[in-house]
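Chain and residue survey
The chain contents come next:
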Amino acid sequence: MAACGAALVVAATVLVVDGAAPSRAATAAWAPKPAPMTTPWTNQVPVDAPLPEYPRPQLTRPDWLNLNGIWDFAVTSRDAGQPAVFGEQIRVPFAPESALSGIQRKITQNDRLWYRRTFTVPTGWSGRRVQLNFGASDWETTVRVNGQQAGAVHRGGYDAFSYDITPLLNGGTNTIVVSAYDPTETGGQAIGKQRIQDVTPHSGHSIVYTASSGIWQTVWLEPTAAARITRLDMVPRLEDNTLRVTVRAAGADGAGVKVTVSSGGTPVGSATGTVGTEFAVPVSGAHLWTPEDPFLYDVTAELTGGAGGDRVGSYAGMRSIAVKDVDGVRRPVLNGRFVFQTGTLDQGFWPDGIQTAPTDDALRFDLQKHKDLGFNMVRKHIKVEPQRWFYWADRLGLLVWQDMPSMDSSKSPDSAARTQWENEYRAVIDQHRSSPALIQWVDQNEGWGQYDQARVADMVKAYDPSRLVDNMSGVNCCAAKDGGNGDVIDNHNYVGPGNTPTETVRASVLGEYGGLGYRVSGHEWYPGGGWGYEDQPSQAALNDRLVGLLDGMRENSMPAAGLSAAVYTQITDVENETNGLMTYDRQVVKVDQARVRAANQALIAASRTAGPPVGLPVGQYVSIRVTTSGYTNRYVRHYDGLGYTEAVDAGSGTVLKQDATWKVTPGLANRLCYSFESRNYPGEYLRHRDFRVRREGGGDTVYREDATWCPVRSGSGSGVRLAASNFPGQYLRHISAELWLAQAGGSHAWDNPATFTEDTTWAIEAPWAP
């Protein structure tokens, strides 16, 4: 169902043409720079009206004026005043580092950016206030209209901001001058993956990318009443089939407001309340929003009474998100049901526009490709996209984990940086708190600029209790510190997938895994400079490896080890990172789309019917018997520290019986899984090392993971298969009487496909040595 804002695009385009077209001379003088790589949309960007779509789909008005296009441009030293001459032109809203801007130049902490353009207010706006809106400008932005400063200096690179410029207008041709200063990593602010570097391709093994300074999202005007709605906070509540709405407004404190929810043009519920106070709008028999059926209701809100006159459109989805126990495992639940969240890491960078997608179709493309590949989730990685990106996630049906962009990873933030970061985080939450797709906030990542993890997580949860909170993605990486709170515990595992230890309070997720690298000739940012976490020799190998990771989660990590979500690195190559499912230019999908889609769909489907994990008798001794036909009298035993199988019967000697007896203990690395302690060597466990399985002692993290086994039912229904906790998809196997960690389709001798399933299926029986 189309949201209200979609119908406004045609009218908006007319206003751009009639009210604020740049001069023909400026347009004729300007030209883009050659992009390092050309996307399918690079040459589709209009010169004078780029990104013409309505930029704020959850708060729409019919009249507006797009100021994107050719602006005068200059760069001065950081502390210089406004230049007398603007000697260049730039295409807004593309950052000057980008080819699409027409500048394509490195901007440093010593530079200040200057933008200038003129506009006239359409005659039809007479008598109304005029708002000047910025989707985002990085980082410190000062705005002047006709020589007078419009409000306070804005600091923040990822949040929208606005000014009421009515008192500054002159009734004729008006001039806007914007000054922006962006120190990137030399400052203390949120920067995500931006770094000051050469803007043309260069060699280098790095996970950080070219910066985007200054204006990088749409700039636009809109007329409003003096009393105007500024935000709609909408939280679905399925318990009573209501949409809880708080209408924020300016110049209308305590005013009355009416909100109506509609479907297909027919109202399904309405209610009245007051500005700034939450009230309930009934949505009887709510049609729930899910990734498979992303149903959206239309919403209108209007001020009533003496403050009447302002009316806005919006949309909402009815869904819930929470964490609860499901068959004894802590899981995230959507609309009350567990569904495995399988997604990718989405950096949101482009070779032609850097942080700004060249067109709205391009912005949608990456999200649609997630759907095509069978994913139901996307983690927006330490970047915040324009509001239209969230609109497409809402429309297409993708669950969103939204990261707060981090501060520089190489320094500890001071008090001023922390205050700024938290203020910007709250602004980001405010601007996206009504998106049905957005289900989880990710506060910090791998310890980058980390501080006060627990306090920040509590702050975010209190500020938006309707969503899940991840206090630290990658708590096991890079000196990161876990705040111990929030709704999920999040490990990173390359290549993985591995598992995240389970807890009784938080759900276990993998915030990152994968990183399979594959370079496509002719589609490299810097030819020969690409890298991945594990480079693949061919597309066939890439497909096999990726599908193997997904199947490992379906067969083991999800049902046996309690894993509830996983984020694959990544949807596209980015600069010299070649671990994308697509090339950086979006020209080539590197994987077999149908095969990956089927693997993801199978994983999601399995999660809907997953029962409780297989239980073993904790604290009791057992013996582990071979089930392969012809060898069913053999048992797992240790000999000189190595693992073997050997025939055992009542007449066997005491030592052999003890060697073939193991005590079942809770998994050393995962409480849902198990470890097997030697009967006659207490403190030593069955573990894998270099693929060989052995009896060994130890205590570090690797040892505990190697000595943890997650049982799953075999396909035949009898016996169990014991998967390595840290290598889902690899199983305890006997071959030639030896015990190995083996993988179906693997390249080692012990991965021999003959009788693979039988050789990896075991019977847990009474112990030979009680």
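Scoring rules and cut-offs
Residues numbered from 1 in each chain as written. Predicted model: local features only at pLDDT ≥ 70, side-chain atom pairs only at ≥ 80, totals over all residues. Heavy atoms only, no water. Pairing = 2+ DSSP bridges. Helix = DSSP H or I, 4+ residues; strand = E, 2+ residues; numbered from the N terminus. Axes fitted to C-alpha atoms, helices over the stretch in contact; angles between N-to-C directions. Buried < 20%, exposed > 50% of the residue type's maximum accessible area, 1.4 Å probe, protein only. Salt bridge = Lys/Arg side-chain N within 4 Å of Asp/Glu carboxyl O. Expected span 1.5 Å × (residues − 1). Contact = heavy atoms within 4.5 Å. Polar contact = N/O pair within 3.5 Å; in protein donor to acceptor, adjacent residues only side chain to side chain. pLDDT = per-residue confidence, 0-100. Disulfide = S-S within 2.5 Å. Arc of directions from axis to C-beta. Left-handed = near helix turned anticlockwise from the far one by under 90°. Nonpolar A, V, L, I, M, F, W, Y, C, P; charged D, E, K, R; others polar.

Turning our attention to the sheet that holds strand E31 (residues 488–493). Spatial ordering of the open sheet is given by E30-E29-E28-E27-E26-E35-E32-E31, a layout of eight strands whose pairing is parallel. Either end of the sheet is taken by a strand with one partner, and the two such strands are strand E30 (468–470) and E31. Strand-to-strand twist in this sheet, taken as the mean axis angle between neighbours without regard to direction, amounts to 25°. Of the strand pairs in this sheet, E31 and strand E32 (residues 507–514) are connected by six bridges, and their pairing is parallel. Bridging across to E32, Asn-491 finds its partner in Leu-510.

Now for unusual backbone geometry. Peptide bonds are, in most cases, trans, and in most cases residues other than glycine have a negative phi. Geometrically, the link from Val-92 to Pro-93 is a cis peptide bond, its omega value of 15° lying close to zero. Although it is not a glycine, Leu-51 sits at a positive phi angle of roughly 45°. By secondary structure assignment, the location of Leu-51 is in the loop between helix H2 (24–29) and strand E1 (65–66). Backbone geometry places Ser-736, a non-glycine residue, at a positive phi of 55°. Looking at the secondary structure, you find Ser-736 in the loop between strand E45 (727–735) and strand E46 (738–743). For Ser-736, a relative accessible area of 69% translates into the label exposed.

For the rest of this paragraph, the subject is the pattern of salt bridges. If the charged atoms of two oppositely charged side chains come close together, the side chains can form a pair. This model, assessed by the stated rule, comprises 49 salt bridges. Between Glu-222 and Arg-56 there is a salt bridge, with the nearest N and O atoms lying 3.1 Å from each other. Of this pair, Glu-222 sits in strand E15 (residues 219–224) while Arg-56 sits in the loop between H2 and E1, and the two are 166 residues apart along the sequence. The residues Glu-222 and Arg-56 share a single accessibility class, namely buried. The shortest N-O distance in the salt bridge between Lys-106 and Asp-198 comes to 3.7 Å. Here Asp-198 lies in the loop between strand E12 (194–195) and strand E13 (209–210) and Lys-106 lies in the loop between strand E3 (88–92) and strand E4 (111–120), a separation of 92 residues in the sequence. Each of Arg-231, Asp-233, Arg-248, Asp-430 and Arg-433 takes part in a single network of salt bridges with overlapping partners.

Read across the open sheet, the four strands follow the order E1-E15-E5-E10; overall the sheet is antiparallel. Of all the strands in the sheet, the pair left with one neighbour each is E1 and strand E10 (161–164). Here E1 runs beside E15; their pairing, made up of two bridges, is antiparallel. Paired with Asn-66 across the strands is Trp-220, a residue of E15.

This part covers helix H5 (residues 415–432). The end-to-end C-alpha distance of H5, which contains 18 residues, comes to 26 Å, matching closely the 26 Å that a straight helix rising 1.5 Å per residue would cover. When H5 is considered as a whole, its buried residues turn out to be Ala-417, Gln-420, Trp-421, Glu-422, Glu-424, Tyr-425, Ala-427, Val-428, Ile-429, Asp-430 and His-432. The elements touched by buried residues of H5 are strand E9 (154–155), strand E16 (228–237), helix H4 (387–396), strand E29 (438–442) and helix H6 (453–463). Where H5 starts, the residue carrying a side-chain oxygen 3.3 Å from the main-chain nitrogen of Ala-416 turns out to be Asp-414.

This part is about the confidence of the model for the chain. Atomic detail in the predicted coordinates should be set aside for any region of low pLDDT. Across the chain, pLDDT averages 94, with 96% of residues at or above 70. Predicted confidence for residues 1–21 stays below pLDDT 50, and this span has 50 contacts to residues more than four positions away or in other chains.

Under the criterion given, the structure shown has two disulfides. Between the sulfur of Cys-477 and that of Cys-478 lies a disulfide, 1.9 Å long from S to S. Cys-477 sits in the buried class, given a relative accessible area of 18%. For Cys-478, a relative accessible area of 47% gives the class partly exposed. Note on cysteine connectivity: Cys-673 is disulfide-linked to Cys-710, with sulfurs 2.1 Å apart. Here the disulfide of Cys-673 and Cys-710 is right-handed, its torsion about the S-S bond being about 95°. Of this pair, Cys-673 sits in the loop between strand E39 (662–666) and strand E40 (674–678) while Cys-710 sits in strand E43 (residues 709–713), and the two are 37 residues apart along the sequence. In this pair, the class of Cys-673 matches that of Cys-710, namely buried. For the chain, the bonded cysteines pair up as 1-2, 3-4 when numbered in the order they occur along the sequence.

Another aspect to go through is H6. Regarding H6, the residues found buried are Gln-453, Val-456, Ala-457, Met-459 and Val-460. All buried residues of H6 project into a common sector of 160° when viewed along the axis, lining one side. Elements in contact with the buried residues of H6: H5, E29 and E30.

Moving on: the packing of helix H3 (residues 360–372) against H4. Direction vectors running N to C along H3 and H4 enclose 35°, while the axes themselves pass 10 Å from each other. Crossing of H3 over H4 shows right-handed handedness. Judged by residue contacts, Asp-360, Leu-363, Arg-364, Leu-367, Gln-368 and Lys-371 of H3 engage Arg-388, Trp-389, Trp-392, Ala-393 and Leu-396 from H4. Of the residues contributing to the contact of H3 with H4, the split by class is six nonpolar, one polar and four charged.

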